[in-house]
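Coordinate inspection notes
Okay, here's what each chain looks like letter by letter:
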Amino acid sequence: MDDKNISQAVVARLPRYYRYLGDLRDSGIERISSQDLSKLMKVTASQIRQDFNNFGGFGQQGYGYNVEYLYNEIARILGLNEKHNLIIVGAGNLGQALANYMNFERRGFIVKGIFDNDPDLYGKELRGIHVQPVENIEQFIKENDIDIAVLTIPKNGAVKTAELLVRCNIKAIWNFAHVDLNLPDHIAVENVHLSDSLMKLSYSIVNGNR
Ligand code: NAI
């Protein structure tokens, strides 16, 4: 099967496989059976086999999975063997926290620019990058081969800003603003709502499911 035809449900599970395989690889483990991976990840072995069958299986009867190979294949499928330049729009608490988080770079996500509309923040330095006025976004995207914009602004400005980013040919938006952006289909949008996780925790607490 072509990587493009993998279902979104499978794609959504790949980052977790990737993390576990990365940890196994870092601990020097060369191969693992679907049963052992199943125990480790608390996912059924048949789910693992089904997921990996979507892109060729990777496993060998009686041998299991080659950890390094599987790790690299999942990285390739997720596009992690390419660098993705990104900008952050909104240099408040959340934008600054993301800008200061170094680990994205290890995965190939490179913060290239940070933008805000508050003049008090212009020039503020975050890991060597100076906050710029939003008016510079268009030029900056053109000149710096930016794939992804991270939206960390309040929801009232988010739709307009997203539309501007689309006009600048951005490929993807990582949207933290609490609003649906309704952009053309060719723009990938990943909405993040941390409070959804908290609400799930709340459900578990009140239902005694800890
Ligand atoms: P903040 O108030 O510290 O930062 C927002 C920044 O955006 C400010 O620096 C402001 O000047 C700037 N800004 C506002 N409108 C703008 C525009 N049109 N263009 C460029 N910059 C603009 O807020 P914080 O805590 O950083 O949160 C940012 C947003 O993310 C909030 O709307 C909040 O609701 C949301 N949020 C979402 C979370 C999630 O899980 N999705 C978690 C936390 C916050």
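The shown structure was predicted, so the numbers you read here are calculated from the model rather than taken from an experiment.

In this section: a nonpolar patch on the surface. Together, Leu198, Leu201, Ile205 and Val206 line one region of the surface with nonpolar side chains, adding up to about 430 Å² of accessible area. Inspection of the secondary structure puts Ile205 in helix α9 (residues 194–206).

To continue, consider the nonpolar core. One finds Tyr17, Leu21, Phe52 and Ile74 to be the most contacted residues of the largest nonpolar core, which totals 22 residues. Of all the elements in the fold, those that place two or more residues in this core are α1 (8–26), α2 (34–41), α3 (45–53) and α4 (67–77).

As a structural note, the neighbourhood of the ligand is formed by 19 residues, with Leu94, Asp116, Phe176, Val192 and Leu194 the closest of them. Leu94 has a polar backbone atom sitting 2.8 Å from an oxygen atom of the ligand. At 2.6 Å from an oxygen atom of the ligand is found a side-chain nitrogen or oxygen belonging to Asp116. Protein burial of the ligand: of its 850 Å² of free accessible surface, 73% is covered by the chains.

Here the focus is the environment of Asn144. Within the element layout of this structure, Asn144 appears in helix α7 (residues 137–144). Residues Asn144 and Lys112, 32 residues apart in the sequence, show an inter-C-alpha distance of 7.7 Å.

As a further point, take the packing of aromatic side chains. All chains considered together, the criterion is met by 7 aromatic pairs. Their ring planes at 5° and their centres at 4.5 Å tell us that Tyr18 and Tyr71 sit as a pair that is stacked. With Tyr18 in helix α1 and Tyr71 in helix α4, the pair connects residues that are 53 residues apart, well separated along the chain. Tyr71 shares its class with Tyr18; the two are buried. Judged by centre distance (4.8 Å) and plane angle (70°), the ring pair of Trp174 and Phe176 falls under edge-to-face. Ring-pair connections join several aromatic residues into one group, and the members of that group are Tyr101, Phe104, Trp174 and Phe176.

Turning our attention to the pattern of salt bridges. Summed over the entire model, instances satisfying the criterion amount to 7 salt bridges. Salt-bridge contacts for Asp51 lead to Arg13; the nearest nitrogen and oxygen are separated by 2.8 Å. Of this pair, Asp51 sits in helix α3 while Arg13 sits in helix α1, placing them 38 residues apart in sequence. Given a relative accessible area of 1%, Asp51 falls into the buried group. Among the ionic pairs, Lys171 bridges to Asp147, the shortest N-O distance being 3.2 Å. Pair noted here: Lys171 is in the loop between α8 (155–167) and β9 (172–175) and Asp147 is in strand β8 (residues 146–151), with a separation of 24 residues, a long-range link.

Analysis parameters
Residues numbered from 1 in each chain as written. Predicted model: local features only at pLDDT ≥ 70, side-chain atom pairs only at ≥ 80, totals over all residues. Heavy atoms only, no water. Patch = residues over 30% accessible without salt bridge, like charges linked within 9 Å, V, L, I, M, F, W, Y side chains within 5 Å. Areas by Shrake-Rupley, 256 points an atom, 1.4 Å probe, with all protein chains shown as cover. Salt bridge = Lys/Arg side-chain N within 4 Å of Asp/Glu carboxyl O. Helix = DSSP H or I, 4+ residues; strand = E, 2+ residues; numbered from the N terminus. Core = buried A, V, L, I, M, F, W, Y, C linked by side-chain atoms within 4.5 Å. Buried < 20%, exposed > 50% of the residue type's maximum accessible area, 1.4 Å probe, protein only. Near = heavy atom within 4 Å. Polar contact = N/O pair within 3.5 Å; in protein donor to acceptor, adjacent residues only side chain to side chain. Phe/Tyr/Trp six-rings, centres within 6.5 Å; stacked < 30°, edge-to-face > 60°.

Geometry only, nothing functional implied.
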